[in-house]
Number of protein chains: 2
Amino acid sequence: MHYKKSHILILNNVSRFIDLTELEKQKYLSLLTEISVKRKAFLMQAGDIASYEYFITKGCLKVYTLDDDGAPHISMFAVEDYWTGDMASFMTKEPTRYFIKATEDSELLGISRANYELLFQEIPKFERFYRMLYQKSLISYIRRSNHGISLTAEERYIEFKTKYPNIVNRITQKDLAGYIGITPEFMSKIITKVNRR
Amino acid sequence: MHYKKSHILILNNVSRFIDLTELEKQKYLSLLTEISVKRKAFLMQAGDIASYEYFITKGCLKVYTLDDDGAPHISMFAVEDYWTGDMASFMTKEPTRYFIKATEDSELLGISRANYELLFQEIPKFERFYRMLYQKSLISYIRRSNHGISLTAEERYIEFKTKYPNIVNRITQKDLAGYIGITPEFMSKIITKVNRR
DNA sequence: GAAAAAAAATGAACTAGTTTAAGACTTTTA
DNA sequence: TAAAAGTCTTAAACTAGTTCATTTTTTTTC
C-alpha cells in the first residue's frame with residue numbers, strides 16, 4: 001500500500017507513540033478531512049465553535065488572541081508536522097477566543113468532534129496516542145512558560161531563534177514580537193542590537 | 001466496601017472521567033503508596049529524578065524552580081484533590097529542576113513509575129483517564145498562560161484572589177509574589193493599594 | 001511596474017516593576 | 001519566653017519595556 005505525502009506525514013507522527021495495522025491506518029485516514037487555507041485566510045476566528053482539531057501537512061499558521069486593547073498575543077506558530085486548534089472549545093463546545101490565520105498557503109488534515117469520539121471506539125489504541133501526545137505537549141508547555149518567565153525579551157528572542165531557526169525566517173518581525181510578548185518597536189530594537197554584535 | 005478518606009478522595013477524582021468496578025478500585029489503590037511530608041520538608045529537589053507522581057489528600061505544597069539569580073518562581077500551589085510532580089522528569093528520567101516543598105503538614109498518594117506503566121496494562125481504562133486529565137490540564141495551562149500575559153501584576157493578583165480564595169490565606173505574601181511573578185516588595189505595594197479601596 | 005498598504009526603524013517621553021536598604025512586625029525554635 | 005529568623009512595609013533611585021509620532025523600506029495588489 002502506498003499513501004500520499006500528507007498521509008505518510010500524519011501516520012509517521014502517530015507512529016511515534018502507537019503501532020497501527022494496515023487496516024487501522026486506513027480506518028484512521030478515513031476519519032480525516034483534507035483542508036486547504038490560502039495565505040491570510042482564517043481557519044478559525046474568535047466566537048467560532050472549534051469543530052476540528054488540525055494537523056498541518058504544509059504551510060504555516062499563527063494562533064493568537066486579541067487582548068482588551070486589541071493587541072495580538074501569538075501563542076504558537078504551527079508548521080508542518082504540528083497539531084493545532086483550540087482544544088478548550090473543541091471539548092466544551094464553547095466559543096473560542098482564538099484566531100488561526102494562515103501566513104502561507106497551507107494544507108491540513110482535520111478531525112471532527114464526531115470522528116474524534118468515534119476514533120476511540122474504533123481504535124482504542126488512540127486513547128494511548130492522545131494520552132502521550134497531551135502529556136508531551138503539557139511537558140513542553142510547562143517548560144516553556146516556566147523557562148520564559150525569568151528571561152529578558154532579548155534572551156527569549158535568542159532562544160526562539162536558536163530553537164526554531166526554520167520558523168524565524170518564515171514569519172514577520174511583528175508576529176515574532178507578538179509571540180515573544182513585546183511591542184514590534186522593541187522587537188526591532190532588540191534585533192538591531194543583537195545583529196550589531 | 002468502605003474506604004479510608006484519602007482513598008475516597010482519589011477514587012472520586014478518578015471517577016470524573018472513568019467508571020471502575022470494585023475490583024478495579026482495589027487493584028488501583030494497591031498500586032498507590034501513602035506518603036507524609038512535614039511542613040518545610042521537601043518532596044522533591046532539583047537534581048532528583050522524579051520517581052512518583054502525586055495526588056494530595058491533605059495539606060499544601062509549593063512547586064517552584066530557582067532562576068539563575070536564585071530567585072524562586074512558583075509554578076503551582078498544590079492542595080487537596082490536586083495532582084502534582086514533575087512529569088518531564090517522571091517520563092524521561094532526567095533530573096528535575098523543580099523543588100516541591102510542603103507549606104503545611106501534608107498527606108499524599110504516590111504512584112511509582114513502574115506502577116504507572118503497570119496500571120495501563122492492568123486497567124487499560126486508565127489510558128483514557130490520563131488522556132482526559134492531561135487534556136484538561138493542558139486546557140487550563142494554556143488558558144492561564146495566555147490570559148496572564150496581557151494583565152498587570154495587580155490584575156493577576158485580584159484574579160488569583162478571586163479564583164482561589166481558599167489558597168490565598170494559606171500561603172505567604174512572598175510565595176504569592178513568586179507565583180504572580182513579581183518581587184515581594186511590589187506584592188506588598190499592590191496589596192496595600194488594593195486593600196485601601 | 002506604480003500605487004497602496006504593511007512592516008520595520010528610530011527616537012523621545014513615559015510607566016510598571018526592580019533593586020537596595022532599613023526598620024517594624026510575626027513566627028519559629030530552643 | 002527570649003532570641004533568632006523570617007516576613008512585611010516603606011521609600012528613593014533605577015531599568016526594561018511601552019507609547020506615540022515620524023520616516024524609511026519592503027511587500028502586496030491591481
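**A look at the overall build of chain A**
Helix and strand counts for chain A come out as nine helices and eight strands. Relative to the 2.2 N^0.38 estimate, which gives 16 Å for 197 residues, the radius of gyration of chain A is 18 Å and therefore close to what a compact globule would have. Over its C-alpha atoms, taken along the principal directions, chain A stretches across nearly 55 × 35 × 30 Å. Across the 197 residues that make up chain A, the buried fraction comes to 48%.

**Overview of the protein's contact with DNA strand D**
Near DNA strand D you find 17 residues, and of these Arg39 and Ala153 of chain A together with Gln173, Lys174 and Ser188 of chain B are the closest. Each atom of DNA strand D within 4 Å of the protein belongs either to a base or to sugar and phosphate, the latter forming 74%. Within the backbone of Ala153 of chain A, one N or O atom sits 3.1 Å away from a phosphate oxygen of DNA strand D. One of the backbone N or O atoms of Thr183 of chain A is found 3.2 Å from a phosphate oxygen in DNA strand D. Listed by contribution, the elements that provide at least two residues to the surface near DNA strand D are α6 (153-163) and α9 (184-196) of chain A together with α8 (173-180) and α9 (184-196) of chain B. Here the surface near DNA strand D gets four residues from one element, more than from any other, and that element is α9 of chain B. Here the surface near DNA strand D is composed, by residue class, of three nonpolar, six polar and eight charged.

**Section: the protein's contact with DNA strand C**
Surrounding DNA strand C, one finds 18 residues, the nearest of these being Gln173, Lys174 and Ser188 of chain A together with Arg39 and Glu185 of chain B. At 2.9 Å, a backbone N or O of Lys174 of chain A approaches a phosphate oxygen of DNA strand C. In the environment of DNA strand C, a phosphate oxygen lies 3.1 Å from a nitrogen or oxygen atom belonging to the backbone of Ala153 of chain B. Elements supplying a minimum of two residues to the surface near DNA strand C: α8 (173-180) and α9 of chain A together with α6 (153-163) and α9 of chain B. With four residues, the top contributor of residues to the surface near DNA strand C is α9 of chain A. Here the residues of the surface near DNA strand C are counted per class, giving three nonpolar, seven polar and eight charged.

**Description of the interface of chain B and chain A**
In this complex, chain B contributes 27 residues to the contact, which on the side of chain A involves 27 residues. With both sides pooled, the region where chain B packs onto chain A buries about 2900 Å², and carbon together with sulfur makes up 61% of that total. The largest share of the area that chain B buries against chain A comes from Arg131, Leu138 and Tyr141 of chain B, three residues that together contribute 21% of it. Across the chain B-chain A interface, the total number found is four salt bridges.

**Quick word on the packing of α6 of chain A against α8 of chain A**
Residue and element names in this part refer to chain A. It is at 10 Å that the axes of α6 and α8 come closest, and there the two elements cross at 115°. Seen from above, α6 lies across α8 with right-handed handedness. Of the residues in α8, those touching α6 at Ala153, Arg156, Tyr157 and Phe160 are Leu176, Tyr179 and Ile180. Broken down by class, the residue content of the contact of α6 with α8 amounts to six nonpolar, no polar and one charged.

**Things to note about the side chain of Ser6 of chain B**
All names here are of chain B. Looking at where Ser6 falls in the secondary structure, it is placed in helix α1 (residues 5-14). A residue is classified by how much of its surface remains accessible, and Ser6, at 15% relative accessible area, is buried. Setting aside chain neighbours within four positions, we find Ser6 in contact with Thr57 and Leu109.

What counts, and where the lines are drawn
- Residues numbered from 1 in each chain as written.
- Chains lettered and ligands numbered in written order.
- Predicted model: local features only at pLDDT ≥ 70, side-chain atom pairs only at ≥ 80, totals over all residues.
- Heavy atoms only, no water.
- Helix = DSSP H or I, 4+ residues; strand = E, 2+ residues; numbered from the N terminus.
- Rg over C-alpha atoms; globule rule 2.2 N^0.38 Å.
- Buried < 20%, exposed > 50% of the residue type's maximum accessible area, 1.4 Å probe, protein only.
- Near = heavy atom within 4 Å.
- Polar contact = N/O pair within 3.5 Å; in protein donor to acceptor, adjacent residues only side chain to side chain.
- Nonpolar A, V, L, I, M, F, W, Y, C, P; charged D, E, K, R; others polar.
- Contact = heavy atoms within 4.5 Å.
- Buried area = accessible area lost by both parts, 1.4 Å probe.
- Salt bridge = Lys/Arg side-chain N within 4 Å of Asp/Glu carboxyl O.
- Axes fitted to C-alpha atoms, helices over the stretch in contact; angles between N-to-C directions.
- Left-handed = near helix turned anticlockwise from the far one by under 90°.

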